[in-house]
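Spelled out from the first residue to the last, the chains are:
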Amino acid sequence: MDVSQRYREAWEGYWRETSDTPGEAIWDADPSLTAIPHSELLLPYADVSLPVVDLGCGNGTQTRYLATRFARAIGVDLSHAAIEHARRADTAKTAAFEQLDLVDGDAVRALRDRIGDTHVYMRAVIHQSEPQDRPAVAGAVAELLGERGRAFVVELTPASKAVFQRAASGPDGPPAKLRRVFDHGLKPAGATDQEVPSVLRAAGLTILATGDTALAQTETMPDGTRIDLPARWFVLAREGARE
């Protein structure tokens, strides 16, 4: 199974029209606001001698930070254009990047066979995936973890929709970075509060810890304040995995 052609083309189009300028993508926040605090939540559960895979890595900003905390970091993304961005940005060659469709079970298993048990970092992927693909995305997390891996997954909650509405309420409509998301047919905050933990558990994942947070964006409200999107985070293990 693969993602739909419409979904794939939407992401390719978005990343092809994004420059290499840091922060041009609305979610390309500095790691100090994202991967750093997220790693602090994951590390008490994680063996840092294992690699980490950043699912939906985009231009690799968070992957490059994760490479400083784990033995090895691999960023994967559906979009070939995103992977090209990530490779160009990683001038020090701190991480590896490759294209991967998380809905393609054979490709996910091939990655798992190649690298063994691995930790997973996934930021805001389930909520914008097409509904029929969300179980497969959660299943990819479970497949990659194996016995020893742990995952940090953070997803927007439906409350983010109200934040998007406020951001778009200025006299000029949505700010430029948010408008580009809408123009490419991407649909943020598409999953319900109950759907995300349900789909994770159905994939054979155990929730070790969870809490509320906000995902910082690189765009501002009409009043100039930063857009912060309500989200929920989960630290996960594969069901039955040893401590």
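Residues numbered from 1 in each chain as written. Predicted model: local features only at pLDDT ≥ 70, side-chain atom pairs only at ≥ 80, totals over all residues. Heavy atoms only, no water.

Observations regarding the pairing of strand E3 (residues 96-99)
In the sheet, strand E2 (residues 73-77) pairs with E3 via 4 bridges, with the strands oriented parallel. Looking across to E3, one finds that Ile-74 is bridged to Ala-96. Tracing the backbone out of E2, into helix H4 (residues 80-89) and back to the parallel element E3 gives a crossover that is right-handed. (Pairing = 2+ DSSP bridges. Helix = DSSP H or I, 4+ residues; strand = E, 2+ residues; numbered from the N terminus. Right-handed = clockwise from strand over helix to strand, strands pointing away.)

Digging into the packing of helix H6 (residues 134-145) against helix H9 (residues 195-202)
At a minimum axis separation of 8 Å, H6 and H9 run at an interaxial angle of 55°. The orientation of H6 with respect to H9, classified from their angle, is oblique. For the element pair H6 and H9, the recorded crossing hand is right-handed. Taking contact as the criterion, the partners of Arg-134, Pro-135 and Ala-138 in H6 are, on H9, Glu-195, Val-199 and Leu-200. Residue composition of the contact of H6 with H9, grouped by class: 4 nonpolar, no polar and 2 charged. (Axes fitted to C-alpha atoms, helices over the stretch in contact; angles between N-to-C directions. Parallel < 35°, antiparallel > 145°, perpendicular 65-115°, else oblique. Left-handed = near helix turned anticlockwise from the far one by under 90°. Contact = heavy atoms within 4.5 Å. Nonpolar A, V, L, I, M, F, W, Y, C, P; charged D, E, K, R; others polar.)

With respect to the pattern of salt bridges
The tally for this structure, following the rule as stated, stands at 12 salt bridges. Glu-40 is paired through a salt bridge with Arg-69; the nearest N and O atoms lie 3.1 Å apart. Of the two residues, Glu-40 is situated in helix H2 (residues 35-42) and Arg-69 in the loop between helix H3 (61-66) and E2; the sequence distance between them amounts to 29 residues. On the basis of relative accessibility, which here comes to 44%, the residue Glu-40 falls in the partly exposed class. Between Asp-117 and Arg-148 there is a salt bridge whose closest N-O contact spans 3.8 Å. With a gap of 31 residues between them, Asp-117 in the loop between helix H5 (105-115) and strand E4 (119-123) and Arg-148 in the loop between H6 and strand E5 (150-156) connect regions that are remote in the sequence. Classification of Arg-148 as partly exposed rests on a relative accessible area of 37%. Among the charged side chains, a network of salt bridges with common partners joins Arg-112, Asp-117 and Arg-148. (Salt bridge = Lys/Arg side-chain N within 4 Å of Asp/Glu carboxyl O. Buried < 20%, exposed > 50% of the residue type's maximum accessible area, 1.4 Å probe, protein only.)

A look at the sheet that holds strand E1 (residues 52-55)
With mixed pairing, the 7 strands of this open sheet are ordered in space as E3-E2-E1-E4-E5-E7-E6. Every interior strand has two partners, whereas the edge strands, E3 and strand E6 (205-220), have only one. Between one strand axis and the next, the sheet turns through 20° on average, direction left out of account. Here E1 runs beside E4; their pairing, made up of 4 bridges, is parallel. What sits directly across from Val-52, in E4, is His-119. Along the sheet face, H4 touches E2 and E3 and points at about 170° away from the line of E3. Helix-sheet contacts for H6 involve E1, E4, E5, E6 and strand E7 (226-238), and the interaxial angle to E4 is about 155°.

Observations regarding the packing of H5 against H6
One way to put it is that H5 packs onto H6 with a least axis distance of 9 Å and a crossing angle of 20°. Classified by the angle their axes make, H5 and H6 are roughly parallel. H6 is crossed by H5, and the crossing has right-handed handedness. On the side of H5, the interface is formed by Val-108, Arg-109, Leu-111 and Arg-112, while H6 contributes Ala-140, Glu-143 and Leu-144. Split into classes, the residues belonging to the contact of H5 with H6 amount to 4 nonpolar, no polar and 3 charged.

The analysis is restricted to geometry; functional conclusions fall outside its scope.
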